[in-house]
Amino acid sequence: MLFQVYGENALYQWLGWAMVFIGLILINEVARRSKIGGTVCFIGVPLALTAYFVAIYVGAGMGADWALENPTYLHMNSWFHYAKLYAATIGCIGFMALKYRWGKIGKSHWFKCFPFVIVAINILIAVVSDFESAIRAWGTTWVSSEGVTLYGGWHNVFNGVAGLINIACMTGWFGIYVSKKKQDMLWPDMTWVFILAYDLWNFCYTYNCLPTHSFYCGLALLLAPTVAAMFWNKGGWIQNRAFTLAIWCMFAQVFPAFQDYSVFSVQSVNNPNVNLAVSVIALVANVAAFAYIMYRARKLKVNPYLNEVFVGTRDYEEAMARREDAPELPRSPKGDEAPQAA
């Protein structure tokens, strides 16, 4: 097994996983379906948390016991967690600006490449973290500022390279649309090909560098946006991903006990051989995805970054059918949709 989910706490661990998975899906639905919900989740709450974080570090600098003993200060103090939280939150705000067309920036064509830029930044944050482990402890271990033992080695390098390739797998940078009810920012060219490659890479990252959190942020957090995109939010995966990531980061930053030292806590087996196997899978998947993207781009004779390469595929067409300017299907006298022309 990849995780230590057995013993007297196994029931709590699986219950915790289910609560995180279902909770992320539900909060994502509130945030995406309501302008007020999204504004509260990704502007109001982060502003309040920023004041909270500043207060903690000011108090710690003054030697106050309440700050020095605060769980966030003790267990969530690495640069990575803060970088990820704010990068994800900025992404959420940018996505809302696009789908609600806020101001000149939300209406501009050039800003449609923002999703690519912010996702690339988020991936690079994790890539840097993977390479950090490789540099700090090649072939051995090191202890992070949060007291987590990490292995360094080829698994970090392989997955870091997979992350860089994953950035190159994002196509159709300007192919950003708004859904009919303005609930979603759509990126139709981000089909299952990218999603699968991303999920494998990101799971491997969490497994390499967040072994005490990976059961939740490497499985529940990744599956929540993917399930939503598969079943009821076609084309909206990247928005789902940003929303659920920001929500999880805010929760984990304030309540680290849930995943670090409670009956819900789950450790990975933290074995370098297992890490290496997972990293090889992630690297192969991303190489295969990139090769397929280049094949389609060559077949269509287009630049895969300035143009969409999955035109004609089921995922792409289902997402495009949701855009606000998509033509309505003709209906029969009984009100049933007429079959589409071949």
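Keep in mind that what you see is a predicted model, and the values were worked out from it rather than measured.

**Comments concerning the packing of helix α1 (residues 10-33) against helix α2 (residues 35-61)**
Part 1: As a packed pair, α1 and α2 sit with axes 5 Å apart at the nearest point and diverge in direction by 115°. Residues Ile27, Val30, Ala31 and Arg33 of α1 touch α2, and the partners they reach there are Lys35, Gly37, Gly38, Cys41 and Phe42.
Part 2: Its residues assigned to classes, the contact of α1 with α2 shows 5 nonpolar, 2 polar and 2 charged.

**Quick look at the pattern of salt bridges**
Part 1: Scanning the model with the defined rule gives 10 salt bridges in all.
Part 2: The closest approach of N and O atoms between Arg101 and Glu324, which form a salt bridge, is 2.4 Å. With a gap of 223 residues between them, Arg101 in the loop between α5 (79-100) and α6 (103-107) and Glu324 in the segment after α14 (314-320) connect regions that are remote in the sequence.
Part 3: Across the pair Glu318 and Lys234 runs a salt bridge, and its minimum N-O distance is 3.6 Å. With Glu318 in helix α14 and Lys234 in the loop between α10 (214-231) and α11 (237-254), this pair connects stretches of sequence that are 84 residues apart.
Part 4: Residue Lys234 is classed as buried on the basis of its relative accessible area, which comes to 19%.

**Notes on the state of the cysteines**
Cysteine pairs can be linked by a disulfide, which is a covalent bond between their two sulfur atoms.
Part 1: Across all of its chains, the model carries 0 disulfides by this definition.
Part 2: Cys92 carries a free sulfur, and the closest cysteine sulfur to it, the one in Cys41, is 8.9 Å from it.
Part 3: Of the cysteine sulfurs around Cys209, a residue in no disulfide, the closest is that of Cys204, at 8.5 Å.

**Quick notes on helix α8 (residues 154-168)**
Part 1: The terminal C-alpha atoms of α8 lie 21 Å apart, and with 15 residues this matches the ideal 21 Å at 1.5 Å per residue to within 8%.
Part 2: Within the span of α8, buried status applies to His155, Asn156, Val157, Asn159, Gly160, Ala162, Gly163, Ile165, Asn166 and Ile167.
Part 3: Elements that come into contact with the buried residues of α8 comprise α7 (114-136), β2 (149-151), α9 (192-209) and α13 (272-300).

Criteria and thresholds
Residues numbered from 1 in each chain as written. Predicted model: local features only at pLDDT ≥ 70, side-chain atom pairs only at ≥ 80, totals over all residues. Heavy atoms only, no water. Axes fitted to C-alpha atoms, helices over the stretch in contact; angles between N-to-C directions. Helix = DSSP H or I, 4+ residues; strand = E, 2+ residues; numbered from the N terminus. Contact = heavy atoms within 4.5 Å. Nonpolar A, V, L, I, M, F, W, Y, C, P; charged D, E, K, R; others polar. Salt bridge = Lys/Arg side-chain N within 4 Å of Asp/Glu carboxyl O. Buried < 20%, exposed > 50% of the residue type's maximum accessible area, 1.4 Å probe, protein only. Disulfide = S-S within 2.5 Å. Expected span 1.5 Å × (residues − 1).

Keep in mind these values describe shape, not function.
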